[in-house]
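Chain by chain, the residues run as shown.
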Amino acid sequence: MSVEPDPRVVAGLDVWESLPVGQQPQWPDASEVRRVRDRLAGLPPLVFAGEADALRAQLAAASRGDAFVLQGGDCAETFAEATADNIRNKIKTILQMAVVLTYGASLPVVKMGRMAGQYAKPRSSDVETRDGVTLPAFRGDIINGFEFTPEARTPDPDRLLEAYHTSASTLNLIRAFTTGGFASLLRVHEWNRGFTANPAYSRYEQLAAEIDRAIRFMSACGADVDALRAVDFYSAHEGLLLDYERPLTRIDSRTGLPYDCSAHFLWIGERTRQLDSAHVDFFSRVQNPLGVKLGPTTTGDDAIALMDRLNPTGEAGRLTFVTRMGAGKVRDLLPALVEKVTADGRPVTWVCDPMHGNGITSASGYKTRRFSDVMDEVAGFFEVHRALGTVPGGLHVELTGDDVTEVLGGTEEIDDEGLARRYETLVDPRLNHQQSLEMAFQVVELLRRA
Ligand code: PEP
Ligand code: CO
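Scoring rules and cut-offs
Residues numbered from 1 in each chain as written. Chains lettered and ligands numbered in written order. Predicted model: local features only at pLDDT ≥ 70, side-chain atom pairs only at ≥ 80, totals over all residues. Heavy atoms only, no water. UniProt positions renumbered as here; feature names shortened; annotations may be inferred. Pairing = 2+ DSSP bridges. Helix = DSSP H or I, 4+ residues; strand = E, 2+ residues; numbered from the N terminus. Axes fitted to C-alpha atoms, helices over the stretch in contact; angles between N-to-C directions. Near = heavy atom within 4 Å. Polar contact = N/O pair within 3.5 Å; in protein donor to acceptor, adjacent residues only side chain to side chain. 1 Å grid on protein atoms, 1.4 Å probe; cavity = no way out; pocket = protein on both sides within 12 Å on 5 of 7 lines; lining within 4 Å. Sits in = over half its atoms within 2 Å of the grid points. Nonpolar A, V, L, I, M, F, W, Y, C, P; charged D, E, K, R; others polar. Core = buried A, V, L, I, M, F, W, Y, C linked by side-chain atoms within 4.5 Å. Buried < 20%, exposed > 50% of the residue type's maximum accessible area, 1.4 Å probe, protein only. Contact = heavy atoms within 4.5 Å. Points joined across faces, edges and corners; volume = space filled by probe spheres on them. Parallel < 35°, antiparallel > 145°, perpendicular 65-115°, else oblique. Donors = N, O, S within 2.8 Å, 3.2 Å for Na, K, Ca; no water. Salt bridge = Lys/Arg side-chain N within 4 Å of Asp/Glu carboxyl O.

- The protein chain carries the name Phospho-2-dehydro-3-deoxyheptonate aldolase in an unreviewed UniProt entry, which gives Cellulomonas phragmiteti as its organism.
- In its Sequence similarities (unreviewed entry) section, the UniProt record describing the protein chain reads: "Belongs to the class-II DAHP synthase family."
- Reading the Catalytic activity (unreviewed entry) entry of the UniProt record for the protein chain gives the comment "D-erythrose 4-phosphate + phosphoenolpyruvate + H2O = 7-phospho-2-dehydro-3-deoxy-D-arabino-heptonate + phosphate".

Below, the structure written as C-alpha cells:
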C-alpha cells in the first residue's frame, strides 16, 4: 500500500524559492534551468529512502558511542576524475581506514564517501580576476568549468544532468565494489599489511600485527571471516545547489514523506546555515539524516536554533554537527558548544572535520594544510569530548586514494617544494592515500592514550 503525501508537505518543498539563498549560480537562462529540473524530476532516484533510514539508525548509534562515523572524499569531485581507478582507490582508502578504526575503537564504523554528488562548491567570491580579466568563480563541475575562459565559466544547466549521470555511475561502482567481495575484511587487511610493510611506516606495524591476530582469533573461534565480504557504504555531499536537490527529492511511497534521493546524507555548509536561509528551510523538510558544518564563530544559541529547525523532536541520528574549528581554537571553542547542546538534551552526533579550519597558503603559493595541524584538531576534539563525558562520534576528511601532494607533512614529509609534484585538487587540498592511512593509525594511538 502506498501512502499519499499531504499536499501541504509537497508544497513546503518549494518554500525555499521565496527565501534568501546563498551560493547559487547566476544562470543565464531561467527557462533552461526549468527544463533541466523537469528532466531530473523524471529520472530514477539515486538512493532509496530505506537506505537513508538505515543510515539514520547507524548515526543514532554513533551519537550514543556505539558506532564511529568516517566520512571521506574529495573536496570537489570532477566529471573527468570519475574513473574506475579513482573511485576504486578512494573506496579502498576509506575501507582501509575503517578496518583500522574498527579495531582501534572496538566499534562498527559507519562508512560514507564524499562521493557520487560532491560537485557544488561554495566560494568566498562570486568572481575571479586574473591579469585584469574578471569571470564567474568556479563553483564546481555541476555548475561551470574550471578553465578560465568565458565559455567554461558561464553556468550551464546541462551540467546538472551530467552530475546526475556521473553520480549514478559512481554509485554503481561503489555498490559493486562494496558487495562483490572486493571489500572483504581479509583483502582490506592485506592492503593494510602492504602499507605497514613499507619501512617508512614500520611504526604502525605492531598495530597491523595485532589486527592480524584478532582476525585469526575470530577464525579460530569459528567466525566465518570470509563471509565478511559486503559492507555498507553510504553517499554524502554538501546540499548546496537547490536546483539539483529539489528535483531529486521524492515522496517515499511507504510513508508519504519526502527524501532527497540524490544521496543518503546531506550536509549544510558553514556558509549557508543561516536560520532563515533557503538551505535550512529546504533540508528541514526532507527525512534524510543531515549534517551541519559548525565553524569557530558558532554560538551555543546558534546550535540550539539549528536543532529547533532541523530536529525539533530530538530524533537520534537525524542531526550531525560537523565541527571545524581549527587546531588552534578547538580546545577553546568546542567545549561551550558541546555543553550547551548537551544541556538541551536532544541528541546530536558530533563529528570532527579537521580540514576546513586549518587552511594556509604555502610560501610557494599553494592552498594547503599541515598534516600536524589536522591531527592536532582531531586530538583536541577527542580531548574536549573526553573531558565533558560526551561522545566523539566520527571524522569527516578530505582525501583521495592517490599519491597526490596537496597537504604538507606526513611521514613521507611533503614539504613546500614537494607540493608542486602532484597538486591536482581544483578546490581544497586532500590527504593522499598514505596520509589518510596514517591518520587512521594515529587516531588509534590517540584512543589508546585516553
Ligand atoms: C567543504 O566541506 O568542502 C566545505 C566547503 O566546508 P565548510 O562548509 O565547512 O567550509
Ligand atoms: Co573543502
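### Focus: the sheet that holds strand E5 (residues 233-238)
Turning to step 1, where the next piece is worked out: In space, the eight strands of this closed barrel follow the order E1-E2-E5-E8-E9-E10-E11-E14, with parallel pairing throughout. Strand-to-strand twist in this sheet, taken as the mean axis angle between neighbours without regard to direction, amounts to 25 degrees.
Turning to step 2, where the next piece is worked out: Note: strand E1 (residues 68-73) against strand E14 (residues 392-398), five bridges, orientation parallel. Following the sheet pairing, Leu70 is matched in E14 by Leu395.

### Some points on the site of ligand 1
Turning to step 1, where the next piece is worked out: The local shell around ligand 1 consists of Cys75, Arg114, Lys121, Pro122, Trp267, Gly269, Glu270, Arg271, Lys293, Arg324, His356 and Glu398.
Turning to step 2, where the next piece is worked out: Arg114 is positioned such that a nitrogen or oxygen atom in its side chain is 2.8 Å from an oxygen atom of ligand 1.
Turning to step 3, where the next piece is worked out: At 3.0 Å, a side-chain N or O of Glu398 approaches an oxygen atom of ligand 1.
Turning to step 4, where the next piece is worked out: Judged by the fraction of its atoms near the pocket grid, ligand 1 is located in the largest pocket.
Turning to step 5, where the next piece is worked out: By residue class, the composition of the shell around ligand 1 is three nonpolar, two polar and seven charged.

### Some details on the nonpolar core
Turning to step 1, where the next piece is worked out: Within the largest apolar cluster, 80 residues are counted, with the highest numbers of intra-cluster contacts made by Phe321, Val378 and Met439.
Turning to step 2, where the next piece is worked out: Considering each element in turn, this core owes the most residues, nine residues, to helix H4 (residues 84-105).
Turning to step 3, where the next piece is worked out: Contacts of Phe321, omitting those with residues within four sequence positions, involve Val292, Leu294, Ala303, Leu306, Met307, Val341, Val348, Thr349, Trp350 and Val351.
Turning to step 4, where the next piece is worked out: By size, the runner-up hydrophobic cluster in this structure holds 26 residues, among which are Ala52, Phe79, Ala116 and Leu240.

### Re the layout of surface pockets
Turning to step 1, where the next piece is worked out: Here the largest pocket defines a volume of roughly 700 Å³.
Turning to step 2, where the next piece is worked out: In terms of lining residues, the largest pocket is bounded by 35 residues, among which Arg123, Arg271, Lys367, Val427 and Asp428 are the most central.
Turning to step 3, where the next piece is worked out: At the level of secondary structure, the elements contributing two or more residues to the lining of the largest pocket comprise strand E3 (127-130) and strand E13 (367-368).
Turning to step 4, where the next piece is worked out: A per-element tally of the lining of the largest pocket places E3 first, with three residues.
Turning to step 5, where the next piece is worked out: Here the residues of the lining of the largest pocket are counted per class, giving 12 nonpolar, nine polar and 14 charged.
Turning to step 6, where the next piece is worked out: A volume near 550 Å³ is recorded for the second largest pocket.

### Digging into the side chain of Thr249
Turning to step 1, where the next piece is worked out: Positionally, Thr249 belongs in strand E6 (residues 249-251).
Turning to step 2, where the next piece is worked out: In this structure Thr249 comes out as buried when scored by relative accessible area, which is 7%.
Turning to step 3, where the next piece is worked out: Those residues within four positions of Thr249 in sequence are excluded, and the remaining contacts are Leu13, Pro258, Tyr259, Asp260, Cys261, Phe282 and Val286.

### Focus on the packing of helix H2 (residues 30-42) against helix H6 (residues 158-179)
To describe two helices that pack against each other, one gives the angle between their axes and the distance between the axes.
Turning to step 1, where the next piece is worked out: The interhelical angle for the contact between H2 and H6, taken along N-to-C directions, is 20 degrees, at an axis separation of 8 Å. One way to sum up the angle between H2 and H6 is to call them roughly parallel. Counted together, Arg35, Val36, Arg39 and Leu40 of H2 and Asp158, Leu160, Leu161 and Tyr164 of H6 form the full contact between these two elements.
Turning to step 2, where the next piece is worked out: Looking at the contact of H2 with H6, its residues break down into five nonpolar, no polar and three charged.

### What about the coordination of the cobalt ion (ligand 2)?
Turning to step 1, where the next piece is worked out: Bound to the cobalt ion (ligand 2) are the protein donor atoms Cys75 (SG), His356 (NE2), Glu398 (OE) and Asp428 (OD), situated 2.0 to 2.4 Å from the metal.
Turning to step 2, where the next piece is worked out: Here the donor residues for the cobalt ion (ligand 2) map to a single chain with the spacing C-x280-H-x41-E-x29-D. Linking Cys75 in the loop between E1 and H4 with Asp428 in the loop between E14 and helix H14 (433-449), this pair joins segments that are 353 residues apart in sequence. Of the two residues examined, Cys75 and Asp428, each falls in the buried class.

### Overview of unusual backbone geometry
Turning to step 1, where the next piece is worked out: A positive phi angle, near 65 degrees, is found at Gln23, a position not held by glycine.
Turning to step 2, where the next piece is worked out: For Gln23, the position within the fold is in the loop between helix H1 (7-12) and H2.
Turning to step 3, where the next piece is worked out: Phi is positive for Asp131, which is not a glycine, with a value near 45 degrees.
Turning to step 4, where the next piece is worked out: The topology assignment puts Asp131 in the loop between E3 and strand E4 (133-136).

### A short note on the pattern of salt bridges
Turning to step 1, where the next piece is worked out: Counted according to the given criterion, the structure contains 39 salt bridges.
Turning to step 2, where the next piece is worked out: In this structure, the salt-bridge partner of Glu17 is Arg37, at a minimum N-O distance of 3.2 Å. Linking Glu17 in the loop between H1 and H2 with Arg37 in helix H2, this pair joins segments that are 20 residues apart in sequence.
Turning to step 3, where the next piece is worked out: With a relative accessible area of 42%, Glu17 lands in the partly exposed category.
Turning to step 4, where the next piece is worked out: Taking the relative accessible area as the measure of exposure, Arg37 reaches 6% and is therefore buried.
Turning to step 5, where the next piece is worked out: Between Lys90 and Asp74 there is a salt bridge, with its nearest N and O atoms 2.6 Å apart. Separated by 16 residues along the polypeptide, Lys90 in helix H4 and Asp74 in the loop between E1 and H4 bring together distant segments of the chain.
Turning to step 6, where the next piece is worked out: Residue Lys90 is classed as buried on the basis of its relative accessible area of 5%.

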